[in-house]
Protein chains: 2
Amino acid sequence: MNVTSNKQPWLALVVCLLAALACVASSTPVQAADRLPSWNEGAAKKSILQFVAKVTKKGSPDFVPPAERIAVFDNDGTLWAEQPMYFQAFFVFDRVKALAPQHPEWKTQEPFASVLKGDVKAALAGGERALGQLVMATHAGTTTDEFERSVTAWIAAARHPKTGRAFTEMVYQPMLELLAYLRANGFKTFIVSGGGIEFMRPWSERVYGVPPEQVIGSSIKTAFELRDGRPALVRLPEVNFIDDGAGKPVGIQMHIGRRPLAAFGNSDGDLQMLQWTAAGPGARLCLYVHHTDAEREWAYGRTSSIGRLDKGLDEANARGWTVVDMKTDWRRVFAFEKQ
Amino acid sequence: MNVTSNKQPWLALVVCLLAALACVASSTPVQAADRLPSWNEGAAKKSILQFVAKVTKKGSPDFVPPAERIAVFDNDGTLWAEQPMYFQAFFVFDRVKALAPQHPEWKTQEPFASVLKGDVKAALAGGERALGQLVMATHAGTTTDEFERSVTAWIAAARHPKTGRAFTEMVYQPMLELLAYLRANGFKTFIVSGGGIEFMRPWSERVYGVPPEQVIGSSIKTAFELRDGRPALVRLPEVNFIDDGAGKPVGIQMHIGRRPLAAFGNSDGDLQMLQWTAAGPGARLCLYVHHTDAEREWAYGRTSSIGRLDKGLDEANARGWTVVDMKTDWRRVFAFEKQ
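Definitions and cut-offs
- Residues numbered from 1 in each chain as written.
- Chains lettered and ligands numbered in written order.
- Predicted model: local features only at pLDDT ≥ 70, side-chain atom pairs only at ≥ 80, totals over all residues.
- Heavy atoms only, no water.
- Buried < 20%, exposed > 50% of the residue type's maximum accessible area, 1.4 Å probe, protein only.
- Helix = DSSP H or I, 4+ residues; strand = E, 2+ residues; numbered from the N terminus.
- Pairing = 2+ DSSP bridges.
- Right-handed = clockwise from strand over helix to strand, strands pointing away.
- Expected span 1.5 Å × (residues − 1).
- pLDDT = per-residue confidence, 0-100.
- Contact = heavy atoms within 4.5 Å.
- Polar contact = N/O pair within 3.5 Å; in protein donor to acceptor, adjacent residues only side chain to side chain.
- Axes fitted to C-alpha atoms, helices over the stretch in contact; angles between N-to-C directions.
- Salt bridge = Lys/Arg side-chain N within 4 Å of Asp/Glu carboxyl O.

S.K.: Please clarify how the pairing of strand β7 (residues 322-325) of chain B should be interpreted in this entry.
M.R.: Put simply, side chains in a regular strand alternate between the two faces of the sheet. Residue and element names in this part refer to chain B. Burial along β7 is one-sided: T322 and V324 are buried, and none of V323 and D325, which face the opposite way, are. Summarising the sheet, strand β6 (residues 285-290) and β7 pair through four bridges and their orientation is parallel. Along β7, the bridge assignment pairs V289 with V324. Once the chain exits β6 it traverses helix α12 (residues 311-319) before rejoining the sheet at β7, and the crossover so formed is right-handed.

Here is the structure:
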């Protein structure tokens, strides 16, 4: 029997021929520089191009079949900015305010009372315990569907306090180009972030071209329930997995089951992910983004409380990993910059 | 600069034109029956073809963009056989024997002593605790790389006690065709099994065309370590996640982050996965494989200890889900059968 009856086979033919031409274009010599226009010529860009050439060239001793071309990207500070604090923290504070009418007790109960007064510093004075309370109060207690809707609504409306831009505009243009360039060369791109997995998924496909099933992150536990006969996944106030530091290779193995060929990070929290990637055989690319541009973005590293890059920088230097100097290596940081 | 220098652009052109032709073929009317040759004409096959036609036809109210075409498959009893016991249990017993020289104490210590004597029934008399001991002794204590090698070696050598075939030959030909048919229609196919995630990954791509990152299963915890300066992921004797029953929707959300469009199972352990799938909006396909063919495979269901299908069958009948009667719906069960 006929399954489909496509009324415009000529259209399909045109689409497919265009795809074929694109395919030819990508397997004949191309000006790869065009694929990374926001990268200045220099050692960082060169290391990326050389690595991709090596692992994609048939017959090369470093050739890797497409199915094994796995690239992993940290998110905060690597794909989007993380100053003056992790963007997910803004979500937490906004959500405390949004949920406050349902929690009259928060008016006097810390750390919520300080958040409601707009005093972030006082709210976080309670350390990890206070942070845990804030995260659970704002991330648990809903179904997964409800939580997704709350993230989607917030990310559309919220603005960065310094730039006034949507947080999804605070993504690094050179890294968007790098994601696309790797995918054009047969790589499967994954996010491996300390941030919440369900906080990233609602917008990762639209912003980064990374579908939800290729997002790895920290999580709380969920439970399957029938509510009035309808299945629901309920988010519980209990940590499931922290995808940071030594947790990153664990998360990679759990979700991907293959060692990455290339890993991109910006902080000591990414070090084990880069070590795990580097330890595989054949050509590997390990790259750190170093925040050196106080004018276009922020300058921080060795002593920063957010996104500290200290041990990682030493190891990168010792092992010859690629270090992106944001100020000199990136022609443009954000797409919204004046050119 | 030139990244690649392909010396045979004409070859790439031919490959791409062939791809384009395949693409045209799949978007113009095709004899879909050809794609599922091991399925007899009947209600089950018809429900599959109608579902795929609906969700892939542009302009149809049930059209779903390719990125959201997620199909999830149970493994034991759905993609490969599970009698006389789960195939992973054979791995456990063989591995106890292989590891015995390093564990002289097992000669007298249960449940190991019984396994070494070949008395499976006595070994499992200790119930869940005994099973847990056997699983941990054979699955933990190695690095992930070492465990992968042990699975790869075992699956190549081990044979099914009844058929004498490799376990990877005991896969259902109609289901292989279904996997390929869905992928040809833009679906991403995932395995969602109660079996061990790292037990399936070493061969799932070769046998099912499902890459490791699309395998979801039960797992033990792992820890990242530097051993003599070299990174390793060490498998710990501690349960991380049980991907069965109500755990299946949880595993699906954790790994995929999207509700499946289609779900395939064979037992009550798959019921929540099918419920979760069915509860989404638009067209959904929920299908149970019912083992009704004692001659070509096995006949079991309502009262079986392995792969019991009781509540699931009631719910499938009540809700109009597709139930495959293996005896009548499948023209061929295994590829090695005489035709």
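Let us keep going from here.
S.K.: In this structure, what is going on with helix α2 (residues 43-56) of chain A? I would like to understand it.
M.R.: Since the α-helix turns once every 3.6 residues, residues separated by three or four places project in the same direction. Residues and elements named next belong to chain A. Helix length check: α2 (14 residues) gives 20 Å between terminal C-alpha atoms against 20 Å at 1.5 Å per residue, within 8%. With ten of 14 residues buried, α2 lies mostly within the body of the structure. Taken residue by residue, α2 has A44, K45, S47, I48, L49, F51, V52, A53, V55 and T56 as its buried positions.

S.K.: Could you clarify how one ought to interpret the confidence of the model for chain A in this entry?
M.R.: A low pLDDT score tells you not to read the predicted coordinates there in detail. Residue and element names in this part refer to chain A. For chain A, the average pLDDT comes to 91, and 90% of its residues sit at 70 or higher. Overall, residues 1-31 carries pLDDT values under 50, and its contacts beyond four positions in sequence, including any with other chains, amount to 53 contacts. Two numbers describe this predicted complex: its pTM, 0.91, and its ipTM, 0.90.

S.K.: Can you walk me through the side chain of K248(A) in this structure?
M.R.: Residue and element names in this part refer to chain A. Within the fold, K248 resides in helix α10 (residues 247-255). Among the polar contacts listed, one links the side chain of K248 to the side chain of D74, at a separation of 2.9 Å. Among all residues touching K248, those that are not within four sequence positions of it are D74, V192, S193, G194, D243, G269, D270 and M273.

S.K.: Would you explain the sheet that holds strand β4 (residues 230-241) of chain B in this entry?
M.R.: As a general point, the strands of a sheet are linked pairwise by backbone hydrogen bonds and lie either parallel or antiparallel. All names here are of chain B. Here seven strands make up an open sheet; going across it, the order is β4-β3-β2-β1-β5-β6-β7 and the pairing mixed. Only two strands of the sheet have a single partner each, and these edge strands are β4 and β7. Across the sheet, the axes of successive neighbouring strands diverge by a mean angle of 30°, strand direction being ignored. In terms of strand pairing, strand β1 (residues 70-73) meets strand β5 (residues 262-265) through three bridges, oriented parallel. What sits directly across from F73, in β5, is F264.

S.K.: For this particular structure, what's the right way to read unusual backbone geometry?
M.R.: Peptide bonds are, in most cases, trans, and in most cases residues other than glycine have a negative phi. Here the bond from Q83(A) into P84(A) is cis, since omega is 0°, no more than 30 degrees from zero. Note on placement: P84(A) falls in the loop between β1 (70-73) and α3 (87-99). A cis amide bond links E110(B) to the next residue, P111(B), at an omega of 5°. You will see that D228(A), though not glycine, has its phi angle at about 50°, which is positive. Summarising the element assignment, D228(A) is placed in the loop between β3 (215-227) and β4 (230-241).

S.K.: Looking at this structure, I do not really get the sheet that holds strand β2 (residues 188-196) of chain A. What am I missing?
M.R.: Residue and element names in this part refer to chain A. Taking strand neighbours across the sheet as the criterion, the seven strands line up as β4-β3-β2-β1-β5-β6-β7 in an open arrangement whose pairing is mixed. Because the sheet does not close on itself, it has two edges, and the strands there are β4 and β7 (322-325). Across the sheet, the mean angle from the axis of one strand to that of its neighbour is 30°, orientation sign disregarded.

S.K.: Hey, could you run me through the environment of M326(B) in this one?
M.R.: All names here are of chain B. Residue placement: M326 occurs in helix α13 (residues 326-329). Linking M326 and D293, residues 33 residues apart in sequence, is a C-alpha distance of 6.0 Å. Sequence-distant contacts of M326, defined by excluding residues within four places in its chain, comprise Y172, V289, H290, H291, T292, D293, R296, E297 and V333.

S.K.: Would you mind going over the pattern of salt bridges with me for this structure?
M.R.: For side chains of opposite charge, pairing can occur when their charged atoms come near one another. Tallied over the full model, the rule gives 28 salt bridges over all chains. Between D74(A) and K248(A) there is a salt bridge; the shortest N-O distance is 2.9 Å. Of the two residues, D74(A) sits in the loop between β1 and α3 while K248(A) sits in helix α10, which places them 174 residues apart along the sequence. Here D74(A) matches K248(A) in class, with each residue buried. Among the salt bridges present, the one from D314(B) reaches R302(B), with a minimum N-O distance of 2.9 Å.

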